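Below, each chain spelled out in residue letters.
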Amino acid sequence: MVLKVFFPSCCSLADSGILIGRWISEQNSAVVLAVVHFPFIPVQVKQYLGEVQRVTKVSVSVLGSWSNSKQEKEESLSEFLEDLGTIFCHEPWIQISKEGDSKFWSCSTLQKHSKNPQEEEIILVYYDQRKVMLSHLHPPLDTAGRRAEDASKLSAIFDTVARSRVLFMTDRYDEGPIKLTHWQSDGVEASIIVELMKQASVPACMLLTFLLSLLSGICRSRVLKFWPLSFLWSKLSTCEQLGHRLQHLQVISSNKKAQNQNQLMRKANIFVSLLIDVALGILLMSWLYRKNRIGHLADTLIPVADHVAEELQDLLQWLMGAPAGLKMNRALDQVLGRFFLYHIHLWISYIHLLSPFIEMILWYVGLSACLGLTVALCILSDIIALLTFHIYCFYVYGARLYCLKIYGLSSLWRLFRGKKWNVLRQRVDSCSYDLDQLFIGTLLFTILLFLLPTTALYYLVFTLLRLLVVIVQGLIHLLVDLIDSLPLYSLILRLCRSYRLAAGVKFRVLEQQDGKPLRLLMQINPLSYGGVVQTYRLPTYSCYPRDSWASLCKKLFLGELIYPWKHKGEKQN
């Protein structure tokens, strides 16, 4: 059999002593966690290991002995180390010794209580204890077969080191009876700034939790459930984004401790996303209020709206003539053209009525950028929706009229074939019609068929205009979703400390000699950037349609209304 000994590289210069760690019998592996140097009292070592087991729930025991012959020249040391095996009673008893200045180590096992001792092949694996403890091993996406088995073996080693954090809290400055060597032997790694932030975060989180509970109580009140407040809350993307950020703040300020690494990373990603979002919003606000840019924007907005209205009027005049040489039904063409021209006239009057207040509205809207760049972008999307409301009305009118004619023609076509639609059973059944019904159906079918090209042309033009507005809003919402869902903390962690997000390990051969154990170095393979985004991507509310292209084309052909922005607060993973 092959015995694998995972030895921390930080203990290679430790004084002679005993090895403490965990024995994994299923893998025939020993994970060394620390070295206890001489002098020590065996009873105190057993008591200390019992306390560690009670706290960490890890079966930590004495695995063997460690001899640094460069520091110890006594001949009786090896015999004393062998005698320790009878005190701590571990099978097999591992003996690792460093032979002076030689780069090769000797490693052997003793099985005193075994009737048939077998000579085992030993593989000595060095690992960076700090990186293994701080890293989080991500299992492969393809968890089938051999890869899943290898991942479970690695997770047992990573879990052993991570759960033994209490063992690493003692350093050489502790005046206890036991002296340990591990990755924090020279002093416990800590930061005064981090400790002060931890102390200050408790009252800050309590205050934030109180304010959020008060705000969420107001949002859940019955006042917001009445029309038109409920209608505005469901249609405006700004309200949806504010509700989404409110949920993020509740997650961050929660006093519940994260149960696992995924929950901790989710909180960190949300916190960094909020921080960067607010920072970008403040930068945008400072840019807007510098050099009177809001006044220039207000002065530009009205001419742009007038220019759009003039272009629409020219387009309608073109449609009321002979567009592209097509012969239209002149009566219906004139009625539709004048109807839409009247709406444009009303829209221009509405814009000029609001023109004295545009600068003041934009000034107050600019203050909302302090809530984050995403809120400012959602407000921009809502402003575009309000400024192009007349285009949306044209699209709705054209779609309804076109849909009415399509469904009327399909119903009258069933009449010619002696069929009708059964509303109760939701199917087409046979039906007999008399002569008057067939005559009236023929007249209506002829009228609708000859009026269809004029209606279809108006519907096509206004649908293209509506899709142009939807594309602009879609780009804005894609940017909002990118800021909301991108795991920025995980990406920064992958860039600066890639070992914290481990996808696996690789082994590099250090030395190999006959009669000596094979020495390997375990190195951590970081998770790829695509894997980081896929694993830690934050959920967002659904902002765009989930229909396929075939379904979308079908809706356009039948004249059904398309609502691309479904602000219903749905979570999208």
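Source: prediction; values computed, not measured.

Turning next to the overall build of the chain. Counting secondary structure elements, the chain contains 17 helices and 15 strands. Sorting the 573 residues of the chain into buried and exposed places 41% on the buried side. Across the chain, the fraction of contacts at a sequence separation of at least 24, relative to all contacts at a separation of at least 6, is 73%. Total accessible area on the chain stands at roughly 33100 Å², and carbon and sulfur atoms take up 63% of it.

Turning our attention to the pairing of strand β7 (residues 121-127). Summarising burial for β7: six of the seven residues are buried, a large majority. With seven bridges joining them, strand β1 (residues 2-8) and β7 adopt parallel strand pairing. When the sheet's bridge partners are listed, Pro8 is paired in β7 with Tyr127. As paired elements, β7 and strand β13 (residues 518-526) share four bridges and run parallel to each other. Bridging from a neighbouring strand, Tyr126 pairs with Leu521 of β13.

With 15 residues, helix α1 (residues 42-56) extends 21 Å between its outermost C-alpha atoms, agreeing within 8% with the 21 Å of an ideal straight helix rising 1.5 Å per residue. Taken residue by residue, α1 has Val45, Tyr48, Leu49, Val52 and Thr56 as its buried positions. Buried residues along α1 cover an arc of 100° about the axis, so they all sit on one side. Exposed residues lying more than 90 degrees from the buried face of α1 are Val43, Gln47 and Arg54. At the C-terminal side of α1, Lys57 shows a positive phi close to 60°.

Take the packing of helix α13 (residues 389-416) against helix α14 (residues 435-485) next. Contact geometry of α13 with α14 gives a least axis separation of 7 Å together with a crossing angle of 150°. Here α13 lies roughly antiparallel to α14, going by the angle between them. Here α13 and α14 pass one another in a crossing that is left-handed. Here the contact of α13 with α14 is built from residues that sort into 25 nonpolar, seven polar and two charged.

Before going further, it helps to spend a moment on unusual backbone geometry. As a rule of thumb, non-glycine residues mostly have phi less than zero, and peptide bonds are mostly trans rather than cis. At Asn28, a residue that is not glycine, the phi angle is positive and equals roughly 55°. Relative to the assigned elements, Asn28 resides in the loop between β2 (17-24) and β3 (29-37). Among the residues examined, Asn28 registers a relative accessible area of 9% and is labelled buried. Of note in the backbone geometry, Lys291 takes a positive phi value of approximately 60° without being a glycine. Its location among the elements puts Lys291 in the loop between α8 (261-288) and α9 (293-319).

A surface patch of nonpolar side chains, about 610 Å² in accessible area, is lined by Phe357, Met360, Ile361, Trp363, Tyr364 and Leu367. With respect to the element layout, Ile361 can be found in helix α11 (residues 358-367).

Moving on to the UniProt feature "transmembrane region" (unreviewed entry) in the chain. In this structure's numbering, the residues bearing the UniProt feature "transmembrane region" (unreviewed entry) are residues 200-219, 270-289, 335-354, 361-388, 394-416, 437-461 and 467-492. End-to-end, the C-alpha atoms of residues 437-461 are 35 Å apart, and along that stretch the chain is 100% helix and 0% strand.

Attention now moves to the pattern of salt bridges. Applying the stated criterion across every chain yields a total of four salt bridges. For the salt bridge of Asp159 with Arg163, the shortest nitrogen-to-oxygen distance reads 3.0 Å. Here Asp159 pairs with Arg163, and both are found in helix α4 (residues 146-163), just four residues apart, close to one helical turn. Across the pair Arg427 and Asp429 runs a salt bridge, and its minimum N-O distance is 3.0 Å. Assessed through its relative accessible area of 39%, Arg427 is described here as partly exposed. Exposure remark for Asp429: the relative accessible area of 18% places this residue in the buried category. By sharing partners, the salt bridges in this structure join Arg245, Asp277 and Asp484 into a single network.

Looking at the secondary structure, you find Phe357 in the loop between α10 (330-354) and α11. Residue Phe357 is classed as partly exposed on the basis of its relative accessible area of 43%. Separated by 59 residues in the primary sequence, Phe357 and Ala298 place their C-alpha atoms 9.3 Å from one another.

Looking now at the packing of α10 against α14. Two numbers describe how α10 lies on α14: the axes approach to 10 Å, and their chain directions differ by 30°. As judged from the angle between their axes, α10 and α14 are roughly parallel. You can see that α10 and α14 cross each other, and the crossing is right-handed. Of the residues in α14, those touching α10 at Leu332, Asp333, Leu336, Gly337 and Phe340 are Leu451, Thr454, Thr455, Tyr458 and Phe462.

Attention now goes to the confidence of the model for the chain. Per-chain confidence: the chain averages 79 in pLDDT, with 78% of residues scoring 70 or above. Highest mean pLDDT in the chain belongs to β3 (89); lowest belongs to strand β15 (residues 571-572) (41). A low-confidence stretch, residues 565-573 stays under pLDDT 50, and its non-local contacts, those more than four residues away or across chains, total 34 contacts.

Parameters at a glance
Residues numbered from 1 in each chain as written. Predicted model: local features only at pLDDT ≥ 70, side-chain atom pairs only at ≥ 80, totals over all residues. Heavy atoms only, no water. Helix = DSSP H or I, 4+ residues; strand = E, 2+ residues; numbered from the N terminus. Buried < 20%, exposed > 50% of the residue type's maximum accessible area, 1.4 Å probe, protein only. Contact = heavy atoms within 4.5 Å. Areas by Shrake-Rupley, 256 points an atom, 1.4 Å probe, with all protein chains shown as cover. Pairing = 2+ DSSP bridges. Expected span 1.5 Å × (residues − 1). Arc of directions from axis to C-beta. Axes fitted to C-alpha atoms, helices over the stretch in contact; angles between N-to-C directions. Parallel < 35°, antiparallel > 145°, perpendicular 65-115°, else oblique. Left-handed = near helix turned anticlockwise from the far one by under 90°. Nonpolar A, V, L, I, M, F, W, Y, C, P; charged D, E, K, R; others polar. Patch = residues over 30% accessible without salt bridge, like charges linked within 9 Å, V, L, I, M, F, W, Y side chains within 5 Å. Salt bridge = Lys/Arg side-chain N within 4 Å of Asp/Glu carboxyl O. UniProt positions renumbered as here; feature names shortened; annotations may be inferred. pLDDT = per-residue confidence, 0-100.

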